[in-house]
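Coordinate analysis (summary)
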Amino acid sequence: MEKMKSGFPKNFLWGGATGATQYEGGFNEGGRGKSNYDYICSIPNARKKGIRHIGELDYKTYCYNKKNENKLYFPYRRATDFYHHYKEDIAMIAEMGFKVFRMSISWSRIFPTGEEMEPNREGLQFYHNVFDELHKYNIEPLVTMTHYELPAALVEKYNGWQSSKLIELFLKYSNTLIDEYKDKVKYWITFNEINALICHPFTSGGFFIEKTGKNYFSAIYQALHHQYVASALTVKYLHETAPNCLIGSMIARLECYPYTCKPKDVAATLLEDQINFFSFDIMARGEYPKRMYRYFEEQDIHIEYVEGYENILKNNTVDFLALSYYMSYVVSDDEDKREEPGYLVKKLKNPNIPMTDWGWGIDPEGLRITLNRTYDRYKLPIFVVENGLGTYDKFVDGKIHDNYRIEYLKKHIEKLKEAIDNGVEVLGYTTWGCIDCVSATYGEMEKRYGFVYVDADNEGKGTYNRYHKDSFYWYKKVIASNGEDLD
Ligand code: BG6
């Protein structure tokens, strides 16, 4: 028998990932409107205070932040200022040899309040400039239409994705993007980590639970339902108007293991997994799984379904699956060990794997397991669009020696290769925050992921100059050798 081919395919898309709210900045320039993230203010020592996510605002806090706009610090407004640094940043990723660059478009830069009849031409032009710059270096853009962002006006007027009106408004936006950029952008993702809405109603869905008059999960699954329909109708439009492009759905994939081999723990893990795969089931298979309808009954979850949604979902499934992978976690059936509802990540730690400084379980083997399981389940190409180590870097004399990041990525790339050797079709790999971004959960700068250091601190002080980290040169070698040279 002929020897099986091993290693990364020749056209493998190596690169890095960013998202507008955490990276782009320029919040009050070029006609951009305010977004949900523009009202998230920094909270010093949030983690020590036990806050899970500084962005999960209730309505009262949102109003307070808005009223005190001139007194508070809003880290996402300038973010790491791609808006003014895009040429320099793109030159740096080109130097690393990137084949693909994942970025998102800011909805409020294109439709400042979400309800204009015509898009903001200056906003559209900004992304034309970015895509042209990428193509100058033969870098393929991979565009997320919305990465945890929506115009603040839609938060205030409709309570965000709680309203079915958002479907129509999102379609106006997504269709505009497709019309405008279909010759410059081949790879698209509709929603960043769509399943994250289960734990982030405000940042992922722009709504306040207390204003819905519903129980937590009814509100969550209602908003998700609207996003699934909006996504499927976007897929339809892209397939009809830009058949050369590919569109995917994305989830935060969390590999979960049973706490013990007790059948009850295994069954609880299975349910956790079904919930984690739920969005892929809908967007790749085109239907709500029966198990989830049952789950809705068990949990007293009520959804007002959009008329005709079954056919919309069935006829408009995605071309590829995109996932972020950072960690695995442990699931138990034991009531006492359970996390309160509304969080994807259980507190149960796995004693067999190390943790990052932010308590995320480092588990490269979990990436291979996830890729194999996802591919076995859907048989669709997979794009690993986020992975990486968020941690402190020391900036000394213009240098950053981040061998810990190299170690982390090396181990994950080895497992990625193993999955490919196992037959999983992987389109590409984009590490998160390839140029340092503001952290999504805490609005900090000190949790860094990049190959490029951005000189800014948690309070937004600094030159915003860019510096190569040691991992920059390492990743350059990885890409040049198509994943063969990992040392
Ligand atoms: C992913 C998000 O869940 O995790 C990114 O898509 C985010 O937006 C990343 O930045 C890492 O999270 P954090 O909180 O470390 O920035």
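It should be noted that the structure appears before, not after, this text.
Right, let's walk through the structure included here. (Residues numbered from 1 in each chain as written. Predicted model: local features only at pLDDT ≥ 70, side-chain atom pairs only at ≥ 80, totals over all residues. Heavy atoms only, no water.)

With respect to helix α10 (residues 216-241)
Applicable threshold: What counts as a helix is a DSSP run of H or I of at least four residues, what counts as a strand is a run of E of at least two, and both are numbered from the N terminus. The length a helix should cover is 1.5 Å for every residue beyond the first. Three labels apply to residues, based on accessible area from a 1.4 Å probe with only protein chains included: buried if under 20% of the type maximum, exposed if over 50%, partly exposed otherwise in between.
Between its terminal C-alpha atoms α10 stretches 38 Å, which fits the 38 Å expected from 26 residues at 1.5 Å a residue. Of all 26 residues in α10, 19 are buried; the element is thus mostly enclosed.

A look at the environment of Pro75
Put simply, the test is: Any two residues whose heavy atoms approach within 4.5 Å at even a single point are treated as in contact.
Mapped onto the elements, Pro75 comes out in helix α3 (residues 75-78). A relative accessible area of 3% places Pro75 in the buried class. With 201 residues separating them in the primary sequence, Pro75 and Asn276 have C-alpha atoms 30 Å apart. When residues no more than four places from it in sequence are discounted, the contact partners of Pro75 are Ile40, Cys41, Ser42, Val438 and Gly443.

A look at the nonpolar core
The tendency in soluble globular proteins is for nonpolar side chains to be buried as a group. Our working definition: Only buried Ala, Val, Leu, Ile, Met, Phe, Trp, Tyr and Cys residues count toward a nonpolar core, and they belong to the same one when joined by side-chain atoms within 4.5 Å.
Among the nonpolar cores identified, the biggest contains 147 residues, and Phe101, Trp107, Phe131, Trp161, Trp188, Tyr221 and Tyr475 are the most heavily contacted of them. At twelve residues, the largest contribution of residues to this core is made by α10. Setting aside residues up to four positions removed in sequence, Trp188 forms contacts with Leu142, Val143, Met145, Leu177, Ile178, Tyr181, Leu238, Cys245, Leu246, Ile247, Gly248 and Phe320. Core analysis: the second largest hydrophobic core is formed by ten residues, Leu13, Phe320, Ala322 and Val385 among them.

Let's talk about the pairing of strand β10 (residues 426-432)
Going by this rule: Two strands pair under a simple rule: DSSP has to find at least two bridges between them. By the criterion used throughout, a crossover qualifies as right-handed when its path from the first strand across the helix to the second strand runs clockwise, the strands pointing away from the viewer.
Most of β10 is tucked away: six of the seven residues are buried. In the sheet, strand β9 (residues 382-386) pairs with β10 via three bridges, with the strands oriented parallel. When the bridges of β10 are listed, Ile382 appears paired with Val426. Where the polypeptide runs from β9 across helix α15 (residues 403-421) and back to β10, its parallel neighbour, the crossover connection is right-handed.

What to know about the sheet that holds strand β5 (residues 246-252)
Counted only if it meets this: A fitted line through C-alpha atoms represents every axis, and for helices the fit uses only the stretch in contact; the resulting angles, taken between N-to-C directions, go from 0 to 180 degrees.
Read around the barrel, eight strands follow the order β1-β2-β3-β4-β5-β7-β9-β10 and close on themselves; strand pairing throughout is parallel. If you compare each strand with its neighbour and ignore which way they point, the axes differ by 25° on average. In this sheet, strand β4 (residues 187-191) lies alongside strand β3 (residues 140-146) in parallel orientation, the contact comprising four bridges. The partner of Leu142 across the bridge, within β4, is Tyr187. Where helix α6 (residues 121-136) meets the sheet, its contacts fall on β2 (100-104) and β3, and the angle it forms with β2 comes to roughly 170°.

What to know about the site of the ligand
So the rule is basically this: We call a residue near a given molecule or strand whenever any one of its heavy atoms falls within 4 Å of it. In protein, a polar contact requires one atom able to donate a hydrogen and another able to accept it; more generally it is a pair of N or O atoms within 3.5 Å, and residues adjacent in sequence count only if both atoms are side-chain atoms. For accessible areas, the Shrake-Rupley method is used with a probe of radius 1.4 Å. Any residue's cover is judged against the shown protein chains and nothing else. Polarity classes work like this: nonpolar for Ala, Val, Leu, Ile, Met, Phe, Trp, Tyr, Cys and Pro, charged for Asp, Glu, Lys and Arg, and polar for all others, with Gly in that last group.
Residues in close proximity to the ligand total 14 residues, the closest being Gln22, Glu193, Thr441, Lys447 and Tyr449. Between the ligand and the protein, one listed contact pairs an oxygen atom with a side-chain N or O atom of Thr441 at 2.4 Å. Bound to the protein, the ligand loses 95% of the 380 Å² it would expose on its own. Taken together, the residues that form the shell around the ligand break down as six nonpolar, five polar and three charged.

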